[in-house]
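# Descriptive analysis of the structure
The chain contents come next:
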Amino acid sequence: MYLITPIIMIILASLLSYPLGKWMTALLDNSRRINPKVSGTSLAPEQDWKKYSISLLIFNGCSFLFVWVVLSLQQILPLNPDHLGRISPSLIFHTVSSFVANTNQQHYSGESTMSYSSQIFGLMWLQFVSAGSGIAAMLAASRALSGKQSMGNFHVDLRRTVLYVLLPLAFIEAILLLIAGVPMTLHGSAHATTLEGIAQTIARGPVAAFVAIKQLGTNGGGFFGANSAHPFENPNIFSNWIECLSIVLLPMACVWVFGRITGRMKHAAILFGVMLMLFIAFISLGAYFEHQPAMVTHNLNVSQDSNLEGKELRFGSTSSASWAITTTITSNGSVNSMHDSLNPLTGLIALIGMWINSIFGGVGVGMLNMLIYVIIGVFICGMMVGRSPEYLTKKVETKEMRLALLALLLHPLLILAGTAWFCYNSWGLSTINNPGVHGFSEILYEFSSASANNGSGFEGLKDNTTAWNIVTGIVMLLARFIPIILPLMIAGSLSAKQAIPETKGTFRTDTLLFGIILLGSILFIGALLFLPVSILGPVAESLGGIS
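Here is a short report on the structure shown in this document. Starting afresh in each chain, residues are numbered from 1 along the sequence in its written order. For this predicted model, a pLDDT threshold of at least 70 governs which residues receive local features, and a threshold of 80 or more governs which side-chain atom pairs are given and counted, while totals over whole chains, interfaces and linings are taken from all residues. Excluding hydrogens and water, the side-chain figures rest on all heavy atoms present in the structure.

## Remarks on the overall build of the protein chain
Each helix and strand in the protein chain was counted, giving 18 helices and four strands. Its C-alpha atoms give the protein chain a radius of gyration of 23 Å, within 12% of the compact-globule value 24 Å for 547 residues. Structurally, the protein chain occupies a C-alpha span of about 80 × 55 × 45 Å along its principal axes. Taken across its 547 residues, the protein chain has 60% of its residues classed as buried. Excluding contacts between residues fewer than 6 apart, the proportion of contacts in the protein chain whose partners are at least 24 apart in sequence is 78%. Only the protein chains shown count as cover for residues, and the accessible areas themselves come from Shrake-Rupley with a 1.4 Å probe. For the protein chain, the exposed area adds up to about 21,000 Å²; of that, 68% sits on carbon and sulfur atoms. Neither His nor the chain ends is counted toward charge; the positive residues are Lys and Arg and the negative residues Asp and Glu. Positions of charges follow a simple convention, taking NZ of Lys, CZ of Arg, CG of Asp or CD of Glu. Here the protein chain contributes 28 positively and 25 negatively charged side chains, and the mean placements of these two sets differ by 18 Å. Strands are runs of DSSP state E lasting at least 2 residues, helices are runs of H or I lasting at least 4, and numbering of each runs from the N terminus. The globule rule used here is 2.2 Å times the number of residues to the 0.38 power, and the radius of gyration it is set against is calculated over C-alpha atoms. Each residue is placed in one exposure class: buried if its accessible area under a 1.4 Å probe, protein chains only, is under 20% of its type's maximum, exposed if it is over 50%, and partly exposed if it falls in between. Should any heavy atoms of two residues lie within 4.5 Å, those residues are counted as being in contact.

This is how it looks when you write it as C-alpha cells:
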C-alpha cells in the first residue's frame, strides 16, 4: 500500500512527458529558425560536432568566469541585506564548477553564505544555462542521428531552450510554490522573539524562483542548507508533490524529443520503457528498504517501525525514499531528507542510480548517457547475429566503440580513483563523521555524486575543505563536459556515414528483444564496474559492519 503514492507520481509524470516532449520538439527543432536566410549567417551558422562542442565549451567557460566574479564580490554588490561576507577561493571554485556542471553539489549553507545577488545573478543564472546546455547537446546529437550533416547551432538551441521551455515552466512552478507557501522576497532575514523571550533570526529570500528551476533543470541546489527538507523550500505535501514530479518531468520528455527528431518513436518507446522499468524497480526497492527499522535500533528493546531518522515527519519514510531515488537517478540531487540517515540498502539503491546515470538522467545529458549503452547494446547484438553492428541505418565501427567505451569507463574511473585516494590519506579520513564502513560510504557517495553531476551527499562528511573543494570541483567539470563531447563525436561520426538500407537481416532497435538486451547490458556492466565497491560499503554495513 505504501507504494501507491510514488507509483501515481510516476504514472502522472509519464503521461505528462509525452505531450511535453511534442511541445518541446515543436519549439526547439524548427529548422527554419536556424536557416541562415532567416536568422542571418553570422548569427546562426550551421555547425558540425566540432564547432557545436567548441561553442558549448566557450559559453560555459565564460559563464564560469562571470559567476566567479559575482561570488568574489558579493560583499560589495547590492542585494545583500544580511551583510554576508567574503567566500573562500576554494569554495568559490567548487561552487562555480558545481553549478556550471549542472551538479549543484553544495559545501555551504545558502542562507549563511550567499547573498541574494549571488543566488540570483550567479547561481540561478547557471541553473538555467547549464540545464539549457544539456538539452541543446541532446538536440544536436538527435539531429545528427536523424541523418542530418548539421547539428544546428548551439547558441540558437540554448536561447530557445531557456526562453521557450525553461523560463515558462519555471514561472508556472514558482507560482504554484508561492501558492503552497514558499516565500519570495528581497527583504533580509526576519527577526522575531519566541514565547520564551529568545531572539530568533529567520532566513528568507527569493526562494520560490530559485527552487522552481533547481527542480525542473535537474540542478538540485538548495536556497537553504537543508534543501527541500527546509519548510521554506518545501512546506507541505502539495509542494512536495510539485517538486518531486518536476524532477523527472523534463528528463522523461527528452526521450520523446529524441524519438521525434530522429523519426524513431518506437525506438524511443523502447528506451523509455527500459528507463521506466528501472525507475519503478528502484523506487520500489528504496521504499521497501526504508520501511525497515533503522540500523541503530536493531537488537534493542524498543518498538520497531520504518526508519524515520533524518526524515521530515511531514513526508515520512515513503515520500522521503521516493524522493531520494528520483533525485539520484535523474542527477537532480535535491533532498527532502538526510541521505546520510538512509538505511544502508536504500543508500545503495541511490548510489546505483548515480552509477548507472542514465535512467532518464539529467535534462538532455541523461539521453546522451543512455546513447552510450545503446551503442554498446547494438555492438553486442551485432556480434550475436554475426553481422556488422548498425544503429539507425549507420554502421557502428571501431571508432564509435572506442569513444563509447571511453565515455563509459570515465565515470567509474573518477569515482573509484577519487574514493581510493581519499580513503588512503588524511584529506578524506579526517573529514568522515563515522569511522569504519559508513565512513567509507560517505567518501564513496561524495565522489559518486560529483561524477554523476548529482550533488546530493551523505552530509555527515565534513566536505568544505580545500582538498574536497578542489578535487570534487575538477571531477564535476570532467564528468560533465567529456560525456557531452564524446556522444556528440559519436553522433557526428555516424551522421557522416552512408545509410545502409534495412533488410530482414537488420537487427532492429525498436523491438522488445533489443529492450531486454539493453536492460541486461546496463545491469551487467554496472555490476561488473561497481559490485566490489558496493560490497565494501553499503552491503557490508547492512550485514552488520556499522562500527
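## Some remarks on helix α13 (residues 365–385)
When the terminal C-alpha atoms of α13 are compared, their 30 Å separation across 21 residues agrees well with the 30 Å that a helix rising 1.5 Å per residue should span. Burial within α13 is extensive, with 16 of its 21 residues counted as buried. With its phi angle positive at about 70°, Gly386 sits one or two positions after the end of α13. Every helix has an expected span of 1.5 Å times one less than the residues it contains.

## Regarding the packing of aromatic side chains
Pairing of aromatic side chains requires ring centres within 6.5 Å, counting the rings of Phe and Tyr and the six-membered ring of Trp. Pairs whose planes differ by under 30 degrees are stacked, by over 60 edge-to-face, and all others tilted. Using the criterion set out here, one finds 22 aromatic pairs in the structure. Geometrically, the ring pair formed by Phe64 and Phe93 is edge-to-face, given 6.3 Å between the ring centres and 65° between the ring planes. One end of the pair, Phe64, is in helix α3 (residues 49–72); the other, Phe93, is in helix α4 (residues 89–100), with 29 residues separating them in the sequence. Accessibility classification places Phe64 together with Phe93 in one group, the buried group. Between the aromatic rings of Tyr116 and Phe223, the centroid separation amounts to 6.4 Å while the plane-to-plane angle is 45°, which identifies the pairing as tilted. Here Tyr116 is found in helix α6 (residues 116–145), whereas its partner Phe223 is found in the loop between α8 (207–216) and α9 (237–262), with 107 residues between them in sequence. Owing to a relative accessible area of 4%, Tyr116 belongs among the buried residues under this scheme. Among the aromatic side chains, those forming a connected cluster through ring pairs are Tyr18, Trp256, Phe272, Phe279 and Phe360.

## Structural notes on the pattern of salt bridges
One side chain can pair with another of opposite charge once the charged atoms of both are near each other. We count a salt bridge whenever a side-chain nitrogen from Lys or Arg sits within 4 Å of a carboxyl oxygen from Asp or Glu. Going through the model one piece at a time under the given rule, you end up with nine salt bridges. Between Asp29 and Arg143 there is a salt bridge; the shortest N-O distance is 2.8 Å. In this pair, Asp29 sits in the loop between α1 (4–28) and α2 (36–39) while Arg143 sits in helix α6, placing the two residues 114 residues apart along the sequence. A salt bridge links Asp157 to Arg143, with the shortest nitrogen-to-oxygen separation between them at 2.8 Å. With Asp157 in helix α7 (residues 154–180) and Arg143 in helix α6, this pair connects stretches of sequence that are 14 residues apart. Linked by salt bridges that have partners in common, Asp29, Arg143, Asp157 and Arg160 make up one network.

## Details of empty space enclosed by the protein
Cavities and pockets are defined on a 1 Å grid built over the protein atoms alone: a cavity is a set of grid points where a 1.4 Å probe fits but cannot escape, while a pocket is an open set with protein on both sides within 12 Å along at least five of seven lines, and lining residues are those with an atom within 4 Å of any such point. Grid points are joined across faces, edges and corners, and a volume is the space filled by probe spheres set on the points. Summed over all chains, the structure comprises six cavities of 30 Å³ or more. Lining the largest cavity are 25 residues; nearest its centre among them are Asn357, Asn369, Ala407, His411 and Pro483. Among the elements that make up the lining of the largest cavity, the one with the highest residue count is helix α14 (residues 398–424) (five residues). The residue makeup of the lining of the largest cavity, split by class, is 16 nonpolar, eight polar and one charged. By volume, the second largest cavity amounts to about 100 Å³. The wall of the second largest cavity is formed by Thr5, Pro6, Met9, Asn240, Trp241, Cys244, Thr318, Ser319 and Ser322. Looking at the lining of the second largest cavity, the elements with two or more residues in it are α1, α9 and α11 (316–329). Polar here means any residue outside two lists: the nonpolar Ala, Val, Leu, Ile, Met, Phe, Trp, Tyr, Cys and Pro, and the charged Asp, Glu, Lys and Arg; Gly therefore counts as polar.

## Observations concerning the nonpolar core
The biggest cluster of nonpolar side chains holds 128 residues, and the ones touching the most others in it are Phe279, Phe360 and Tyr391. In terms of residues, this core owes the most to one element, α6, which gives 16 residues. Not counting chain neighbours up to four residues away, the residues in contact with Phe360 comprise Val248, Pro251, Met252, Val255, Phe272, Met275, Leu276, Phe279, Gly366 and Met367. What is meant by a nonpolar core is a set of buried Ala, Val, Leu, Ile, Met, Phe, Trp, Tyr and Cys residues, joined one to another through side-chain atoms within 4.5 Å. If you look at the next biggest cluster of nonpolar residues, it comprises 15 residues, including Ile432, Ala467, Val471 and Val475.

## Some thoughts on the side chain of Ser451
Assignment of secondary structure puts Ser451 in helix α16 (residues 437–451). A relative accessible area of 2% means that Ser451 is categorised as buried. In this view, Ser451 contacts His411, Leu414, Ile415, Val475 and Ala479; residues no more than four positions away in its chain are not counted.

## A look at the environment of Val475
With respect to the secondary-structure elements, Val475 resides in helix α17 (residues 466–495). According to the relative accessible area criterion, Val475 is buried, its value standing at 6%. Sequence separation between Val475 and Ile179 is 296 residues; the distance between their C-alpha atoms is 38 Å. With near-sequence residues (within four places) excluded, Val475 lies in contact with Leu414, Phe447, Ala450 and Ser451.

## Quick look at the pairing of strand β2 (residues 199–202)
Pairing between strands is defined by DSSP: at least two bridges between the two strands are required. Of the pairings in the sheet, the one linking strand β1 (residues 190–193) to β2 comprises four bridges and is antiparallel in character. Each residue of the ladder has a partner; that of His191, found in β2, is Thr201. Count of turn residues in the β1/β2 antiparallel hairpin: five residues, of which Gly197 carries a positive phi of about 85°.

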